[in-house]
Amino acid sequence: SQQGEEDPQALSIQEGENATMNCSYKTSINNLQWYRQNSGRGLVHLILIRSNEREKHSGRLRVTLDTSKKSSSLLITASRAADTASYFCATVPLSGSARQLTFGSGTQLTVLP
Amino acid sequence: DGGITQSPKYLFRKEGQNVTLSCEQNLNHDAMYWYRQDPGQGLRLIYYSQIVNDFQKGDIAEGYSVSREKKESFPLTVTSAQKNPTAFYLCASSAQGSTTQQFFGPGTRLTVL
């Protein structure tokens, strides 16, 4: 079952602009992770935010988490053409198998040069 | 993709045939996973293994089988019972006792002719 749902499904921006992607989930979580996938390739882990954290930064990435709304956002600042990829959120549940990730359906980001 | 290899990259199968997808990791991870990805969609968990000689069904295990005889290897067999096997298959691993990231292989694209 799909725990996370990303919004929008597709996003197209100009190089240099910021890109914001949102993720909503249904059940209580231990942490939420964001992954990137280039076309036809495996996924690459970007950032993890724990349920007791509200915001986290990594380079040009900023992730927020609102557990009361069961939502997260990923902001990519000063986007580059190389940021073109699909971005997925994935959640680790609070109970049950701690290592099972449940993925959303992803946001396809296109950065135009 | 570092540390996890999948082979082959592309695989073609005739209807009614079983095929086995290889996944090997040298990260010394205890847990390994198999996901299926359909076009424009997120990942769905097929099987996972938290330790050698033990594995559990994921959300879509029907028509698939796995084995975990060695820590480094987690092969996936797509059987003839799988009604719609054409998809992109991703293998991943993670450290035991951890809720942190999963590391993904480059994927195998299976096409049934």
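The paragraphs below set out a description of the structure included in this document.

Conventions we followed
- Within every chain, residues take consecutive numbers counted from 1 along the sequence as written.
- Here every chain gets a letter starting at A, and every ligand a number starting at 1, in the order they are written.
- Only residues with pLDDT of 70 or above have their local features reported here, since the model is predicted, and side-chain atom pairs are shown and tallied only from 80 upward, although totals for entire chains, interfaces and linings are computed over all residues.
- As a rule here, side-chain values cover all heavy atoms of the structure and leave hydrogens and water aside.
- Starting at the N terminus, helices and strands are each numbered in turn, a helix being any DSSP run of H or I of at least four residues and a strand any DSSP run of E of at least two.
- Using C-alpha atoms as the atom set, the radius of gyration is obtained and then compared with a globule rule of 2.2 Å times the number of residues to the power 0.38.
- By the convention used here, residues are in contact when the closest approach between their heavy atoms is within 4.5 Å.
- Surface accessibility in these figures is a Shrake-Rupley result with a 1.4 Å probe; residues are shielded only by whichever protein chains are displayed.
- As used throughout, the charge tally considers Lys and Arg to be positive and Asp and Glu to be negative, leaving His and the chain termini uncounted.
- In this description, the location of a charge corresponds to atom NZ of lysine, CZ of arginine, CG of aspartate or CD of glutamate.
- Counted as salt bridges are all cases of a side-chain nitrogen of Lys or Arg within 4 Å of a carboxyl oxygen of Asp or Glu.
- Burial classes follow relative accessibility: with a 1.4 Å probe on protein chains only, a residue under 20% of its type's maximum area counts as buried, one over 50% as exposed, and anything between as partly exposed.
- Pairing of N or O atoms within 3.5 Å defines a polar contact, subject to two protein rules: one partner must be a possible hydrogen donor and the other a possible acceptor, and residues neighboring in sequence count only if both atoms are side-chain atoms.
- Under the convention adopted here, Pro, Cys and the residues Ala, Val, Leu, Ile, Met, Phe, Trp and Tyr are nonpolar, Asp, Glu, Lys and Arg are charged, and Gly plus all remaining residues are polar.
- Two cysteine sulfur atoms make up a disulfide if the distance between them is within 2.5 Å.
- Two aromatic rings from Phe, Tyr or Trp, using only the six-membered ring of Trp, form a pair when their centres are within 6.5 Å; if the ring planes differ by under 30 degrees the pair is stacked, by over 60 it is edge-to-face, and anything between is tilted.

## Observations concerning the overall build of chain A
So, step 1. Helix and strand counts for chain A come out as zero helices and eleven strands.
So, step 2. Going from N to C terminus, chain A has its helices and strands arranged as β-β-β-β-β-β-β-β-β-β-β.
So, step 3. Computed over its C-alpha atoms, the radius of gyration of chain A comes to 13 Å, within 12% of the 13 Å expected for a compact globule of 113 residues.
So, step 4. In chain A, the share of contacts with a sequence separation of at least 24, taken over all contacts with a separation of at least 6, comes to 56%.
So, step 5. Accessible surface for chain A amounts to roughly 5100 Å². Of this, 47% is attributable to carbon and sulfur atoms.
So, step 6. In chain A, 12 positive and 9 negative side-chain charges are present, and the distance between their average locations comes to 8 Å.

## Quick notes on the pattern of salt bridges
So, step 1. Counting across every chain of the model gives seven salt bridges over all chains.
So, step 2. Where Arg 36 of chain A meets Asp 83 of chain A, a salt bridge forms, and the shortest distance between an N and an O atom there is 4.0 Å. Of this pair, Arg 36 of chain A sits in strand 4 (residues 29-37) while Asp 83 of chain A sits in the loop between strand 8 (71-76) and strand 9 (85-93); the two residues are 47 residues apart in sequence, bridging distant segments of the chain. Comparing Arg 36 of chain A with Asp 83 of chain A, the two get one shared label, buried.
So, step 3. Among the ionic pairs, Asp 38 of chain B bridges to Arg 44 of chain B, the shortest N-O distance being 2.8 Å.
So, step 4. By relative accessible area, which is 27% here, Arg 44 of chain B ends up partly exposed.
So, step 5. Three or more residues joined by partner-sharing salt bridges are found here, namely Arg 36, Arg 60 and Asp 83 of chain A.

## Some words on the interface of chain A and chain B
In many analyses, interface size is given as the accessible surface area lost on bringing the parts together.
So, step 1. The interface of chain A with chain B comprises 24 residues on the first partner and 29 residues on the second.
So, step 2. Taken together, the connections running from chain A to chain B amount to zero salt bridges.
So, step 3. If you look at where chain A meets chain B, you find three residue pairs in polar contact (both at pLDDT 80 or more).
So, step 4. Breaking the side of chain A that touches chain B down by element, the ones donating at least two residues are strand 4, strand 5 (43-50) and strand 9 of chain A.
So, step 5. A breakdown of the residues in the side of chain A that touches chain B according to their chemical character gives eight nonpolar, 13 polar and three charged.

## Quick notes on the environment of Pro 85 of chain B
Residue and element names in this part refer to chain B.
So, step 1. Counting through the fold element by element, Pro 85 comes out in the loop between strand 8 (76-78) and strand 9 (87-94).
So, step 2. On a C-alpha basis, the gap between Pro 85 and Val 112 in space is 6.8 Å, while along the polypeptide they are 27 residues apart.
So, step 3. Once residues lying within four places of it in the same chain are set aside, the contact partners of Pro 85 are Arg 13, Arg 36, Val 78, Leu 110 and Val 112.

## Comments concerning the state of the cysteines
Residue and element names in this part refer to chain B.
So, step 1. Inspection of every chain in the model, using the stated rule, returns two disulfides over all chains.
So, step 2. Residue pairing for Cys 23: its cysteine sulfur links by disulfide to Cys 91, the two sulfurs lying 1.9 Å apart. Looking along the S-S bond of the Cys 23-Cys 91 disulfide, the torsion reads about -75°, which is the left-handed sense. One end of the pair, Cys 23, is in strand 3 (residues 19-25); the other, Cys 91, is in strand 9, with 68 residues separating them in the sequence. Pair check on accessibility: Cys 23 and Cys 91 agree, each one buried.

## Brief notes about the side chain of Ser 73 of chain B
So, step 1. You can see Ser 73 of chain B is positioned in the loop between strand 7 (64-66) and strand 8.
So, step 2. Looking at Ser 73 of chain B, its side chain comes within polar contact range of the side chain of Glu 24 of chain B, at 3.1 Å.

## Notes on the packing of aromatic side chains
So, step 1. Enumeration over the complete set of coordinates arrives at nine aromatic pairs over all chains.
So, step 2. When the centroid spacing of 6.3 Å and the interplanar angle of 25° are considered together, the rings of Tyr 33 of chain B and Tyr 35 of chain B count as stacked.
So, step 3. By the ring-pair criterion, three or more aromatic residues cluster together here, those being Tyr 35 and Phe 103 of chain A together with Tyr 33, Tyr 35, Tyr 48 and Phe 104 of chain B.

By themselves, these observations are geometric and do not establish any function.
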